[in-house]
Amino acid sequence: MAWLGDLGSAVLGALYANVALVTVGGILAAIALVLVGRRLGWFAAARRHPRRSIGAVAAALAVALPLGWYLASPLVLSATVDEPAPVIAARPSPSVASPSPAASGTPRPTAATSPEPPRPTDPPALIERSGAFRGSDEFHFGRGTARLIEVAPGSYVVRLEDFAVRNGPDLYVYLSPRADGWTREAIELGRLKADTGNQNYAVPAGALDDPAIARSVVIWCKQFSHLFATAALAD
């Protein structure tokens, strides 16, 4: 089904560039088809063989409706969400190593030989990586920022900020080990909530043992196996 994605890019790109011409041409083509059908007796034949006609129409619709939905949905559908940024767990207080008690009978150290007091040890910083979205082509645009945020040690959330993408059917969000797009090893984060706005997606527990393997955030159409947008992640 990937060819449908390429077809959608070409067709919808041409539609946007020539909206007026395409509208007039579509109306004229529909009128011409009706006139030709009447002259050739298509409507009379359909009335004589209703079962065959219904079967032919049903077969045509089975192909045309999914294709038409994919081609038309970006033009008529849009949604926006505005979720708050995820809450990041407070870092634990720096730990201080306790000095070992002096052995019995050991003389107390003088001021000249007193050891330095132990210094606090900073806990490891939580990780954050980010990148800007880019569309897969001129029609399938992508804008905004993707952030991979460690909200607690070993727990991650992907946040899309000031985000916008060309809408389409069956769009999902993935964390991909490739910087240039989707792969079968990508981690599915869930269905895209909206084509615009700020939104959060929790990474499944245990799915990301090493955040360095997450190279990009991807918007992917599962139904037609087509890439819509990618944000390569960097520290």
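Residues numbered from 1 in each chain as written. Predicted model: local features only at pLDDT ≥ 70, side-chain atom pairs only at ≥ 80, totals over all residues. Heavy atoms only, no water.

Draft legend 1. The pattern of salt bridges, seen in detail. Using the criterion set out here, one finds eight salt bridges in the structure. A salt bridge links Glu 83 to Lys 193; the nearest nitrogen and oxygen atoms lie 3.0 Å apart. Remark: Lys 193 occurs in the loop between strand E6 (187–191) and strand E7 (196–202) and Glu 83 occurs in the loop between strand E1 (80–82) and strand E2 (128–135); sequence separation between them is 110 residues. Overall, the relative accessible area of 39% leaves Lys 193 in the partly exposed class. Of the charged contacts in the structure, one is a salt bridge between Arg 147 and Glu 128, with a shortest N-O distance of 2.7 Å. (Salt bridge = Lys/Arg side-chain N within 4 Å of Asp/Glu carboxyl O. Helix = DSSP H or I, 4+ residues; strand = E, 2+ residues; numbered from the N terminus. Buried < 20%, exposed > 50% of the residue type's maximum accessible area, 1.4 Å probe, protein only.)

Draft legend 2. Representation of unusual backbone geometry in the model. You will see that Asp 162, though not glycine, has its phi angle at about 50 degrees, which is positive. With respect to the helices and strands, Asp 162 occurs in strand E4 (residues 155–165). Even without glycine at this site, Asp 170 takes up a positive phi of about 60 degrees. Locating Asp 170 in the fold gives a position in the loop between E4 and strand E5 (171–176).

Draft legend 3. Layout of the pairing of E4. Taken across its eleven residues, E4 has eight buried, putting it largely inside the fold. The sheet contact formed by strand E3 (residues 142–152) and E4 spans nine bridges and is antiparallel. Across the sheet, Leu 148 pairs through a bridge with Val 158, a residue of E4. Remark: two residues form the turn of the hairpin made by E3 and E4, two consecutive strands paired antiparallel; Gly 154 in that turn has positive phi of roughly 80 degrees. Note that E4 and E7 share six bridges and pair antiparallel. When the bridges of E7 are listed, Phe 163 appears paired with Gly 197. (Pairing = 2+ DSSP bridges.)

Draft legend 4. Region of interest: the layout of surface pockets. If you add up the space inside the largest pocket, you get close to 180 Å³. Lining the largest pocket are 15 residues, with Asn 167, Gly 168, Leu 171, Leu 192 and Ala 194 positioned closest to its centre. Classifying every residue of the lining of the largest pocket by side-chain character gives seven nonpolar, four polar and four charged. (1 Å grid on protein atoms, 1.4 Å probe; cavity = no way out; pocket = protein on both sides within 12 Å on 5 of 7 lines; lining within 4 Å. Points joined across faces, edges and corners; volume = space filled by probe spheres on them. Nonpolar A, V, L, I, M, F, W, Y, C, P; charged D, E, K, R; others polar.)

Treat this as a map of the structure, not an account of what it does.
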